[in-house]
Structures are given as C-alpha cells and as structure tokens.
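Residue-level structural notes
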Amino acid sequence: MTIDAHHQVLIVGAGSAGVSVAARLLRSGIRDIGLVEPSATHYYQPLWTLVGGGRAPARASARPQRSVLPKGVSWIRGRVETVAPGERTVTVADGRTVGYDRLVVCPGIQLDWNRVPGMAQAVTEPHTSSNYTYELAPRTWDLIRSMRSGTAVFTMPAGPVKCGGAPQKIAYLAADHWREQGVLKDIRVVLVLPTPGMFGVPVFAAELERVAARYGIEVRRNSELVEVDPDGRDAVVVDHAPGARESVRFDMMHVVPPQSAPDWVKASPLADPADPAGYVEIDRHTLRHVRHPDVFALGDAGSSPNSKTGAAIRKQAPVVARNVAASLAGAESLPASYDGYSSCPITTSRHTMLLAEFDYALRHRPTLPLIDTTHERRDMWYLKRYGLPFLYWNLMLRGRA
Ligand code: FAD
C-alpha cells in the first residue's frame, strides 16, 4: 500500500473538538500534526439558536477555516472515508492514504433527516425550519416574526442530539417574541419531547416546567414526531406512554432531526458492532478507544455518554491532548480523566438564560462562583450572547480554555 503522507498525530475533523485538541497538542510541544477537514468554513453552532430566535446574525457564527486552524498544523483538505486501525491509516475521498502514530477522531454527528418520513422534504418548504443547519437557522426567525396566529410545533427526536436543550430553547425564544408582540394568546405552541421530564437534571427540569407554563406551551412528553406531511402541513406525533397517534396541523414547525454517528464511522472497525448508533467506542474517562490503543475520540462522534455539547469538548480536549502525549511518550497508564462534565445554556426568553451544568451522574456541577444559575437570569443572557462566543473563538480554539 502507498502511504501519501504520515503524521505523528492525525486528527479527523476540524470542528470544536479537532481545533481545540490540535491547539493543545501544539502547545504541549507536539509539532507533526495533520488535520483532515473538508469544509472551508468553521461554524460556532451554539449561536444558531440565537440566529433562529432573531437575536444574532448568522454570519457571526462562521469564520474561514484557515483563520481558526492553529499555525503549524497540516490541513489535509478532504473527507475521511475509511480507517484501518491495524495498518494505522485512513483513506480520504480523493484516494489519498494517510498514516499516523496516533489518531484523534472527531468528525461530529450526522443529521438523519430521512429517518422521519417527510422531514427532509418539509425543510425545503416554506413552513418548516431547523436551527440545526447554518442555511436553515435564519428561516426559523423569518417564520417566527411573520406569525400572528395559528399553531407552532417544536420537536425533539429520541436519542442523543447535539445540545439536548436546543430543541426547547427556540420554543421559548419564539414564545417570548410572540408575548412581546401581544399575539401569544392567538398562537398554540406545542413542544414535543421524547423524555418524561423537561430535562435530565431535576433542578433544571423544575425551572423549565415553570417557563413552559408561563408561556402556556402544551408540552407533549414521551412523544415524538414520526411523520410529516409537508403539503398538508400535518405533523404526526406519537405519545409512547399510551401509544396514541395524533395529527397536529401546523402553521410553522421547528424540527430537530434524529442524529447518529457518521455512516463511515458506523461501518468502520472503530464503532461498537452491537450499538446501532455507531459512535467511536471509547473509554468514558480516558477517551481512548477500547480496542485500538492508538485511537482516541471526543466530541459528538464519541461513545462517552455525556451530553453532546461544545462545553463537554472544552473539558474533553485537555484530557485527549494529555493522554495522546503520554501515550506517544510510552506511558503505561494514561494520566488524564474526563468526568462527563457538560453544560447547556438554556435561553428561556429573549433576555434570560439558565445555565445547566452537570456530569455523568446527572449531578448539578456549578462552576461559576456565587451565582445561582439554576434559575433564569438576565446576566446569563450576556454570557450566552457575548461571553461564550468570545471564549470559543479566542480561548477554546487556541487551547487556552
Ligand atoms: P463539529 O463541531 O460538528 O465538527 C465536526 C467537523 O468534522 C466539521 O468541521 C466537519 O466538516 C468535519 N467532518 C465531518 N465529516 C468528516 C470526515 N469524514 N472527514 C473529515 N472531517 C469531517 N454546545 C454548547 O456547548 N452549548 C450550546 O448552547 C450549544 N447549542 C447548540 C445549538 C445548536 C442548534 C447546535 C446544532 C449545536 C449546539 N451545541 C451547543 C453543540 C455543539 O455545537 C457541538 O457539540 C460541537 O460543535 C461538536 O463539536 P465536534 O467537533 O464534535 O463536531
């Protein structure tokens, strides 16, 4: 086999995880780093909620990939298609084979629009949108601001999704806008959640109950969108508890597609063959692959059972960087451990937010001294709109936070 290039550390995906790890490895003195990434643009996806809610412009979430890649990293422009951990190589779509000593896999999560019949077509039609893509998020705001009466449906699928709070954040931003406009009383808002509660951590679930009640939102728990008729504007919702099926005619709908590992990861030796979601099978603490010791993973593509957020990556990236460096130095056991920390800044109105922070055990894990973030707060709004984007672009992507 011909090897077209070789790197001491090869990273797959230059999203939040890939860039953060590359920056940290460079800072630790590792110089030979290759990064495979097809996209010319880097996105700060958490802003898309605010784009859909009319509180930030889409362009503020995008920067040229070149401008965020750490200097000294070799950018291999392309899409990885296969990985051969036995040979320590990956193949790129253009046919190149790249070898590695250590591999860090972080290509993110796949949006499975076709798993709900009608959903892929619905988002091409004017009445449905989703904050889960850069292109669609602005349409969410167009739909919200032009609505004066009727039924608005917001859905969340079962299974892991990026930022589990995002499907409901946009419902609160929309309802608050309609309240400000004086039309909320004429709009029926239906929020479809697959879970029995509003959130996995009780203290935040209780606060979100209050928020939803304040806006008069009809929350459908244990329920899922199973079909959309885009022409008839009909959403078919199944309530798994009694097993009832109901059609809701909508005037606007915000959907979140089901999500899973990228297909090439599912089909690769890195996935757990017994797990249909197909994530890279890693130890939840060391983030090293359970069968291939030269391979690490983090971010949305990893199997660690944390909530899939950029906030989790901020804690995972230092662990992966330290453990990769230790493994290259021949360490017998890996020094760094991830405890499952994740956080979700949940916008509850156009001016307030609560910051849900928790770990693997779904224990509340506050990190801000003296501030009670279990209740919605106005100062937290400024954190979401300005503080966290600043932290992301200037510190996290540079391996400094
Ligand atoms: P990504 O950032 O998605 O990057 C993956 C990269 O891999 C991409 O650049 C992609 O082009 C590349 N890639 C894909 N396939 C291949 C391939 N085959 N070969 C090479 N490269 C490949 N997180 C928070 O912390 N707080 C929030 O408030 C928040 N809100 C969110 C709201 C929305 C609407 C969304 C969509 C996400 C939100 N998130 C939030 C989640 C956060 O954005 C993700 O968890 C994070 O971006 C995941 O980082 P990642 O590096 O794993 O994947």
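Examining the nonpolar core
Considering soluble globular proteins, one finds that nonpolar side chains tend to be buried as a cluster. Core analysis: the biggest nonpolar cluster contains 104 residues, and Ile11, Val104, Phe154, Tyr172, Trp178 and Phe199 have the highest contact counts within it. Counting residues per element, this core draws most heavily on helix 6 (residues 166–181), at eight residues. Taken domain by domain, the makeup of this core includes at least three residues from each of domain 1 (5–109 + 261–340) and domain 2 (114–258). Here Ile11 is in contact with Gly18, Val21, Ala22, Leu25, Ile33, Gly34, Leu35, Val36, Val104 and Cys106, once residues within four sequence places are set aside. Within the second largest apolar cluster, 17 residues are counted, among which are Met119, Ala122, Val237 and Val248.

A look at the site of the ligand
Around the ligand, a shell composed of 34 residues is seen, among which Ala17, Glu37, Asp300, Gly310 and Ala311 lie nearest. At 3.5 Å, a side-chain N or O of Arg79 approaches a nitrogen atom of the ligand. In the environment of the ligand, an oxygen atom lies 3.1 Å from a nitrogen or oxygen atom belonging to the side chain of Lys384. Coverage of the ligand by the protein chains reaches 92% of its 1,000 Å² of free accessible surface. Of all the secondary structure elements, the ones that give two or more residues to the shell around the ligand are helix 1 (16–27), strand 2 (33–37), helix 6 and helix 9 (310–328).

Structural notes on a positive patch on the surface
On the surface, Arg27, Arg63, Arg66, Lys71, Arg77, Arg398 and Arg400 cluster together into a patch of positive charge. Relative to the helices and strands, Arg66 resides in helix 3 (residues 65–68).

What to know about the packing of aromatic side chains
For the structure on display, the rule yields 10 aromatic pairs. Taking the centre distance of 6.3 Å and the plane angle of 20° together, the rings of Tyr172 and Tyr215 count as stacked. Residue Tyr172 is found in helix 6, and its partner Tyr215 is found in helix 7 (residues 202–215); the two are separated by 43 residues along the sequence. Relative accessible area serves as the criterion here: at 5%, Tyr215 is assigned to the buried category. Ring centres of Tyr338 and Tyr360 lie 5.6 Å apart, and the angle between their planes is 75°; this geometry places the pair in the edge-to-face category. One end of the pair, Tyr338, is in the loop between helix 9 and strand 20 (342–347); the other, Tyr360, is in the loop between strand 21 (353–358) and helix 10 (378–395), with 22 residues separating them in the sequence. Summarising the burial analysis for this pair, Tyr338 and Tyr360 share the class buried. Following the ring pairs from residue to residue traces out a cluster consisting of Tyr43, Trp48 and Tyr134. Cation over ring: Arg63 sits above Trp393, and NZ or CZ is 4.1 Å from the ring centre. The ring of Tyr341 carries the charged tip of Lys315 above its face, separated from the ring centre by 5.3 Å.

Examining the sheet that holds strand 15 (residues 234–239)
Reading across the sheet, the three strands line up as 14-15-16 and stay open at both edges, with antiparallel pairing between neighbours. Of all the strands in the sheet, just strand 14 (223–229) and strand 16 (244–249) have a single pairing partner and so form its edges. Strand-to-strand twist in this sheet, taken as the mean axis angle between neighbours without regard to direction, amounts to 25°. Inspection of the sheet shows strand 14 paired to strand 15 by six bridges, in the antiparallel sense. Residue pairing across strands places Ser223 opposite Asp239, the latter belonging to strand 15.

Focus on the domain arrangement of the protein
Entries for the protein in the domain assignment read domain 1 (5–109 + 261–340) and domain 2 (114–258). Residue-level contacts link 19 residues of domain 1 with 18 residues of domain 2. Taken over both partners, the interface formed by domain 1 and domain 2 buries close to 1,400 Å², and the fraction arising from carbon and sulfur atoms is 67%. On the domain 1 side of the contact with domain 2, Trp48, Thr49 and Gly52 bury the most area, a combined 36% of that side's loss. On inspection of domain 1 and its partner domain 2, the count reaches zero salt bridges. If you look at where domain 1 meets domain 2, you find three residue pairs in polar contact (both at pLDDT 80 or more). Considering each element in turn, the side of domain 1 that touches domain 2 owes the most residues, five residues, to helix 2 (residues 47–52).

Brief notes about the sheet that holds strand 13 (residues 218–220)
One open sheet holds the five strands; their spatial order is 10-17-11-12-13, and the pairing between them is parallel. Lying at the two open borders of the sheet, with one neighbouring strand each, are strand 10 (128–129) and strand 13. The pairing of strand 11 (residues 150–155) with strand 12 (residues 187–192) spans six bridges and is parallel. Considered in strand 12, the bridge of Phe154 is made with Leu191. Where helix 6 meets the sheet, it contacts strand 11, strand 12 and strand 17 (252–254), and its direction lies at approximately 155° from that of strand 11.

Points about the pattern of salt bridges
Where charged atoms from two side chains of opposite charge come close, those side chains can pair. If you walk through the whole model with that rule in mind, you get 21 salt bridges. The partner of Arg179 in a salt bridge is Asp176, and the shortest N-O contact between them spans 2.8 Å. In this pair, Arg179 and Asp176 are both assigned in helix 6, three residues apart and thus about one turn of the helix distant. Given the relative accessible area of 44%, Arg179 is considered partly exposed. With a closest N to O distance of 3.4 Å, Arg245 and Glu227 form a salt bridge. In this pair, Arg245 is assigned in strand 16 and Glu227 in strand 14, connecting sequence segments 18 residues apart. Judged by relative accessible area, Glu227 falls into the partly exposed class, the value being 33%. When salt bridges that share partners are traced, they join Arg188, Glu218, Arg220 and Glu246 into one network.

Calculation rules
- Residues numbered from 1 in each chain as written.
- Predicted model: local features only at pLDDT ≥ 70, side-chain atom pairs only at ≥ 80, totals over all residues.
- Heavy atoms only, no water.
- Core = buried A, V, L, I, M, F, W, Y, C linked by side-chain atoms within 4.5 Å.
- Buried < 20%, exposed > 50% of the residue type's maximum accessible area, 1.4 Å probe, protein only.
- Helix = DSSP H or I, 4+ residues; strand = E, 2+ residues; numbered from the N terminus.
- Domains from an automatic or database assignment.
- Contact = heavy atoms within 4.5 Å.
- Near = heavy atom within 4 Å.
- Polar contact = N/O pair within 3.5 Å; in protein donor to acceptor, adjacent residues only side chain to side chain.
- Areas by Shrake-Rupley, 256 points an atom, 1.4 Å probe, with all protein chains shown as cover.
- Patch = residues over 30% accessible without salt bridge, like charges linked within 9 Å, V, L, I, M, F, W, Y side chains within 5 Å.
- Salt bridge = Lys/Arg side-chain N within 4 Å of Asp/Glu carboxyl O.
- Lys, Arg positive; Asp, Glu negative; His and termini not counted.
- Charge placed at Lys NZ, Arg CZ, Asp CG, Glu CD.
- Phe/Tyr/Trp six-rings, centres within 6.5 Å; stacked < 30°, edge-to-face > 60°.
- Lys NZ or Arg CZ within 6 Å of the ring centre and 35° of its normal.
- Pairing = 2+ DSSP bridges.
- Axes fitted to C-alpha atoms, helices over the stretch in contact; angles between N-to-C directions.
- Buried area = accessible area lost by both parts, 1.4 Å probe.

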